[in-house]
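# A closer look at the structure
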Amino acid sequence: MLFRSRQTAGGGRAVDREAPIPGWQEGDGEAVADDEVFVTPEERMEKVKEDIQKFENEGNYAELITLYVEYGACVRMLHSDTDKQLVQIHFNLATTYLRQTLVMQALYHFKEADTVNQAQAADDHALFFKCRILEGMGICETREGHFKAAEGLLEQAKLLCMKHALKKALGGKDMD
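Below: a short report on this structure. (Residues numbered from 1 in each chain as written. Predicted model: local features only at pLDDT ≥ 70, side-chain atom pairs only at ≥ 80, totals over all residues. Heavy atoms only, no water.)

### Notes on the side chain of Asp114
The residue Asp114 is located in helix H6 (residues 103–119) in this model. For Asp114, the contacting residues outside a window of four places in its chain are Lys130 and Ile133. (Helix = DSSP H or I, 4+ residues; strand = E, 2+ residues; numbered from the N terminus. Contact = heavy atoms within 4.5 Å.)

### Comments concerning the nonpolar core
Within the largest apolar cluster, 35 residues are counted, with the highest numbers of intra-cluster contacts made by Ile89, Phe110, Ile133, Met137 and Cys140. The set of elements that each furnish at least two residues to this core consists of helix H3 (41–58), helix H4 (61–78), helix H5 (84–99), H6, helix H7 (125–143) and helix H8 (147–169). A total of 8 residues in this core trace back to one element, the largest contributor, which is H5. (Core = buried A, V, L, I, M, F, W, Y, C linked by side-chain atoms within 4.5 Å. Buried < 20%, exposed > 50% of the residue type's maximum accessible area, 1.4 Å probe, protein only.)

### Examining the side chain of Asn117
Checked against the element boundaries, Asn117 lands in helix H6. Polar side-chain contacts of Asn117 include one of 3.0 Å to the backbone oxygen of Ala126. Leave out the neighbours within four places in its chain, and Asn117 touches Val87, Ala126, Phe129, Lys130 and Ile133. (Polar contact = N/O pair within 3.5 Å; in protein donor to acceptor, adjacent residues only side chain to side chain.)

### Points about H8
Under the 1.5 Å per step criterion, the end-to-end length of H8 is 32 Å for 23 residues, consistent within 8% with the ideal 33 Å. Considered for burial, the residues of H8 that qualify are Ala150, Leu153, Ala157 and Leu160. Where H8 is buried, its residues contact H7. Positive phi appears at Gly171, one or two residues downstream of H8, with a value of about 75 degrees. (Expected span 1.5 Å × (residues − 1).)

### Some remarks on the pattern of salt bridges
Scanning the entire structure with this criterion turns up 7 salt bridges. Between Arg44 and Glu70 there is a salt bridge, and its shortest N-O distance comes to 2.4 Å. One end of the pair, Arg44, is in helix H3; the other, Glu70, is in helix H4, and 26 residues separate them in sequence. Residue classification places Arg44 among the partly exposed positions, given a relative accessible area of 28%. Put simply, Asp81 and Arg76 hold a salt bridge, and the shortest N to O gap is 3.2 Å. A relative accessible area of 51% means that Asp81 is categorised as exposed. (Salt bridge = Lys/Arg side-chain N within 4 Å of Asp/Glu carboxyl O.)

Following this line, the structure appears as structure tokens:
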């Protein structure tokens, strides 16, 4: 008894191997390689910063969100997932969502900013960011109608902001 293998309608058939790819012209691969320009993350970050400023002035929130995400990706490529710039990026994303009354998205990014900020606890700006993050989270909870949670967050934010202001007034010295 003889067994024959079945032919499938794929690239394995001899007839299909030489068939041209639709929309592909001979030499397209070389042309793309010649026109391709490599942009470093640093260069891309500068361009994104300019675009952020432009769209911030226009109030184009959808485009701002896309740009903040791209900027965050560049920061991650160049530095790490715990770089202090990511705290600012998540904070900016949160406030951009909050301006659009997208409270749950804003709260998520405030929490992400807080998580990254905890990795930077020794940094001088960590206390300032912590107070601003808690303030934003309190505003989100207020808009959701969770007034007890909001009150606690806003009280913590107030205390941290006062501590930060006193520390600044005392020339950076810690106090009890």
